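Now for the letters of each chain:
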Amino acid sequence: MDSQNNTSQTQNSSASGEAAHGKTVTKLLLVVVGMFGFGFALVPLYEVFCEITGINGKTSDEAAVYEAVEIDTSRMVTVEFITRTNSGMPWEFSAQTKRVEVHPGQMAQVDFYVRNPVSRDIIAQAIPSVSPGTAALYINKTECFCFRHQPLKAGEEAIMPMTFYVDPQLPDSITFFTLQYTLYDITATADEAEVVALNNSLGR
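Please read all numbers here as calculations on a predicted model, not as lab measurements.

S.K.: What should I look at first to understand the overall build of the protein in this one?
M.R.: Along its length, the protein carries two helices and nine strands. Along its sequence from the N terminus, the protein presents helices and strands in the succession α-β-β-β-β-β-β-β-β-β-α. For the protein, with 204 residues in total, the buried portion stands at 29%. Residue pairs in contact within the protein that sit at least 24 positions apart in sequence constitute 77% of those at least 6 positions apart.

S.K.: Help me understand the pairing of strand β9 (residues 176–185), please; the structure alone is not making it clear to me.
M.R.: Regular strands show a simple pattern: their side chains alternate between the two faces of the sheet. Taken together, the eight bridges between strand β1 (residues 77–85) and β9 define a ladder with parallel strand orientation. Within β9, the position partnered with valine 79 by the bridge is phenylalanine 177. When strand β5 (residues 122–131) meets β9, the two strands line up antiparallel, connected through eight bridges. Counterpart to isoleucine 127 in the pairing with β9 is threonine 182.

S.K.: Could you clarify how one ought to interpret the sheet that holds strand β6 (residues 139–144) in this entry?
M.R.: The strands that make up a sheet pair up through hydrogen bonds in the backbone, lying either parallel or antiparallel. On the basis of which strands lie adjacent, the open sheet formed by four strands has the order β2-β4-β8-β6 and antiparallel pairing. Strands at the two margins of the open sheet, each flanked by one partner only, are β2 (92–95) and β6. Averaged over all pairs of adjacent strands, the angle between strand axes in this sheet comes to 25°, irrespective of strand direction. Both β6 and strand β8 (residues 157–166) contribute to a ladder of five bridges, which runs antiparallel. Following the sheet pairing, cysteine 144 is matched in β8 by methionine 162.

S.K.: Explain the sheet that holds strand β7 (residues 150–152) here, please?
M.R.: Strands sit in the order β3-β1-β9-β5-β7 across an open sheet of five strands; the sheet is mixed. Either end of the sheet is taken by a strand with one partner, and the two such strands are β3 (99–102) and β7. Strand after strand, the sheet turns through a mean of 30° between neighbouring axes, direction not considered. The pairing of β1 with β3 spans four bridges and is antiparallel. Along β3, the bridge assignment pairs threonine 78 with glutamate 101.

Calculation rules
- Residues numbered from 1 in each chain as written.
- Predicted model: local features only at pLDDT ≥ 70, side-chain atom pairs only at ≥ 80, totals over all residues.
- Heavy atoms only, no water.
- Helix = DSSP H or I, 4+ residues; strand = E, 2+ residues; numbered from the N terminus.
- Buried < 20%, exposed > 50% of the residue type's maximum accessible area, 1.4 Å probe, protein only.
- Contact = heavy atoms within 4.5 Å.
- Pairing = 2+ DSSP bridges.
- Axes fitted to C-alpha atoms, helices over the stretch in contact; angles between N-to-C directions.

See below:
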């Protein structure tokens, strides 16, 4: 009888252990899924936050209209340009000018070089960011390759201009900021009309 009771207790203990183990695994899986989902949510949340506040390094995605403003010759602002490509984007991408010094209110142009070294056509999108983030409020771009998608045929290269001026209302405490552009390969999600236009330019 005692042997049967011990066997029963052992089986119950084993079943309880397996149940507890199963619950632990389930909780861990839920945590992983939650973290994965949160990671994807960070991007849209960041976009919404930047759109509402206009800060945190996100510049406007629309061209500014240059109005005659008084150029503040009493001070100089240094703007540094950094380029990078997202993982899986094979393009060569660089700023022709690494940094410029401008007076607030003064128009300036910087050219960027791109080359598609692979044997397939690619449509790209450049995403800008500014550091410190508050400086993004005072950068006015009248022309920028980041406003639209950039298609390049296999082996093709191009010069992409960016024209801008710094708002004279830029705080005196900001004398230097960095403008970074990151290129993404958006060929797979590009609008069908863009793909057709690219194919037409190739005579397909």
